[in-house]
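Close look at the chain arrangement
Chain by chain, the residues run as shown.
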Amino acid sequence: MTKSVEESQKDIAARRAKGEFVRGVSRFRAVLGEHLDFPAEPGRYHLFVALNCPWCHRVTLARNVLGLQDSITMDVAFPGRTNDDDPVAPNLWEFNPARVASLTGTTLPECTTETATGQVYRLARQIYDAEGSDEASLPILYDKKAKRIVNNESAEIIRMLNAQAEALGAAEAAQLDLYPADLSTEIDALNEEIYVAINNGAYKAGFSSDQAVYAAAFEAYFSMLQALEDLLAADDRPFLTGDRFTEADLRLFPTLYRHDPVYYVRMKLNGARILDFPHLWRWLCRVYALPGVADSNSLTHCRQGYFGRSWNNVVPLGPFHPMPYPEAYGHPELA
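We now turn to the structure provided with this report. (Residues numbered from 1 in each chain as written. Predicted model: local features only at pLDDT ≥ 70, side-chain atom pairs only at ≥ 80, totals over all residues. Heavy atoms only, no water.)

A few words now on the packing of helix H8 (residues 247-266) against helix H10 (residues 299-307). Contact geometry for H8 and H10: axes closest at 11 Å, N-to-C directions at 15 degrees. As the angle between them shows, H8 and H10 are arranged roughly parallel. Crossing hand, H8 versus H10: right-handed. Contact with H8, carried on its side by Tyr-257, Arg-258, Pro-261, Val-262, Tyr-263, Val-265 and Arg-266, involves Leu-299, Cys-302, Arg-303, Tyr-306 and Phe-307 of H10 and no other residues of that element. Considered class by class, the residues forming the contact of H8 with H10 number nine nonpolar, no polar and three charged. (Axes fitted to C-alpha atoms, helices over the stretch in contact; angles between N-to-C directions. Helix = DSSP H or I, 4+ residues; strand = E, 2+ residues; numbered from the N terminus. Parallel < 35°, antiparallel > 145°, perpendicular 65-115°, else oblique. Left-handed = near helix turned anticlockwise from the far one by under 90°. Contact = heavy atoms within 4.5 Å. Nonpolar A, V, L, I, M, F, W, Y, C, P; charged D, E, K, R; others polar.)

Okay, here's the thing in structure tokens:
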């Protein structure tokens, strides 16, 4: 399996002290179907996700477009982390379907209890604790039979779900290869550029506390959006590598899906909307219309998760012009 793009961990403490957002590295890296302890079998594996998290969104997208909904079970955490008064600790992913979202004033129907370990854990961190790890991140690919974590790096999870889709019990109707051999070099190059400037770049902009670091991330983000707009416009191609939806499209989608309704404000990426890039907007709508894509996420979870953690916990209600999101993603003609 190709090594996933990761951020350098060099001088991480000093960089964070200067205000730079530096993403850590996941430590569970077994390869499904290649590691002897984790054979590819239908019904054996489970995903722990949070729908507001774009890295989890990659994984739910892969599960859906590959037709693995019936063979890989899934639990969904509440989009807000635990509060300061939590008996264990604040800022942890929590499986708590009874928790009320401030945006809606109700519980969120997608949220679940933890169903895979047999322990009904409340916190994702407890799943790691059972293996002696101090990690606490989502997503997690979990082996229900062995009661072990397989992998917690989203880029590798989507690659292995694609490689083992048939063995895992994918629906026959899916018939999709996200990483075709003839496009692998092009996909890898796009993945690296998109990860650095857009996927992780959004966090570099939104979570940095240094103006110069933010400005550099802001510029790189919008420069890459323009480059992708130009790529699509050059020959009016439907997807990033041509006529086929691939892993490169899948990895770009979660960030652009969040841009107009969330990142434009929350991540201070207010240079333009995706709606202002006609080819990217039509690409976004085209991907959203693919079977399983709309069902792979929830903007209610995204809004609650990002703004519910802001200083005043108030969630913006817009945008509603030219129409509310995600309904707007059904209208490519808006661009």
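In this structure, Ile-198 and Trp-283 are the most contacted members of the largest nonpolar core, which totals 93 residues. Counting residues per element, this core draws most heavily on helix H6 (residues 184-206), which supplies nine residues. The contact partners of Ile-198, leaving out residues within four places of it in the chain, are Glu-193, Tyr-221, Met-224, Leu-225, Leu-228, Leu-252, Thr-255 and Leu-256. (Core = buried A, V, L, I, M, F, W, Y, C linked by side-chain atoms within 4.5 Å. Buried < 20%, exposed > 50% of the residue type's maximum accessible area, 1.4 Å probe, protein only.)

Okay, the sheet that holds strand E3 (residues 140-143) next. If you trace the four strands from one edge of the open sheet to the other, you get E2-E1-E3-E4, paired in mixed fashion. If you trace the sheet from one side to the other, it starts and ends with strand E2 (73-76) and strand E4 (148-151), each paired once. Adjacent strand axes in the sheet meet at a mean angle of 30 degrees, parallel and antiparallel pairs treated alike. Sheet analysis places E3 next to E4, joined by three bridges and oriented antiparallel. Across the sheet, residue Leu-141 finds its bridge partner in E4, namely Asn-151. Strand contacts of helix H2 (residues 54-65): strand E1 (45-49) and E2, with the helix running at about 140 degrees to E1, the strand carrying the most contacts. On top of the sheet, helix H4 (residues 154-163) reaches E1, E3 and E4; it is set at about 85 degrees to E4, its chief contact. (Pairing = 2+ DSSP bridges.)

So, on to helix H9 (residues 278-288). The complete set of buried residues in H9 reads Leu-280, Trp-281, Trp-283, Leu-284, Cys-285, Val-287 and Tyr-288. Elements in contact with the buried residues of H9: helix H7 (211-235) and H8.

Another point: the side chain of Arg-99. With respect to the helices and strands, the residue Arg-99 is situated in the loop between E2 and helix H3 (124-129). Residue Arg-99 is classed as buried on the basis of its relative accessible area, which comes to 16%. Looking at Arg-99, its side chain comes within polar contact range of the side chain of Glu-94, at 2.9 Å. Excluding residues within four positions of it along the chain, Arg-99 makes contact with Phe-78, Gly-80, Arg-81, Thr-82, Asn-83, Glu-94, Thr-106, Thr-107 and Leu-108. (Polar contact = N/O pair within 3.5 Å; in protein donor to acceptor, adjacent residues only side chain to side chain.)

The subject of this paragraph is the environment of Thr-117. When you line up the elements, Thr-117 lands in the loop between E2 and H3. Classification of Thr-117 as buried rests on a relative accessible area of 7%. Remark: the alpha-carbon pair of Thr-117 and Arg-148, spanning 31 residues in sequence, is separated by 8.5 Å. Non-local contacts of Thr-117, meaning those with residues more than four positions away in its chain, are made with Phe-48, Ile-127, Tyr-142 and Lys-147.

In the contact formed by H8 and H9, the axes pass within 10 Å of each other and the chain directions differ by 110 degrees. It follows that H8 is roughly perpendicular to H9 by the angle criterion. Facing H8, whose interface residues are Asp-249, Leu-252, Phe-253, Leu-256, Tyr-257 and Asp-260, H9 presents Leu-280, Trp-281, Trp-283, Leu-284, Val-287 and Tyr-288. Split into classes, the residues belonging to the contact of H8 with H9 amount to 10 nonpolar, no polar and two charged.

So, on to the pattern of salt bridges. Applying the stated rule across the entire model yields 16 salt bridges. The salt bridge partner of Glu-156 is Arg-29, with a shortest N-O separation of 2.7 Å. Pair noted here: Glu-156 is in helix H4 and Arg-29 is in the loop between helix H1 (12-17) and E1, with a separation of 127 residues, a long-range link. When its relative accessible area of 8% is taken as the criterion, Glu-156 is described as buried. For Arg-99, the salt bridge is made with Glu-94, and the minimal N-O distance between the two is 2.9 Å. (Salt bridge = Lys/Arg side-chain N within 4 Å of Asp/Glu carboxyl O.)

Take H10 next. Judged by how many residues are buried, H10 sits mostly within the fold: eight of nine residues are covered. The set of residues buried in H10 consists of Leu-299, His-301, Cys-302, Arg-303, Gln-304, Gly-305, Tyr-306 and Phe-307. The elements touched by buried residues of H10 are H2, E2, H6 and H8. You can read the cap of H10 off the contacts: a side-chain oxygen lies 3.3 Å from the backbone nitrogen of Thr-300, and it is on Ser-298.

Interpretation note: all reported values are geometric properties and have no functional meaning in isolation.
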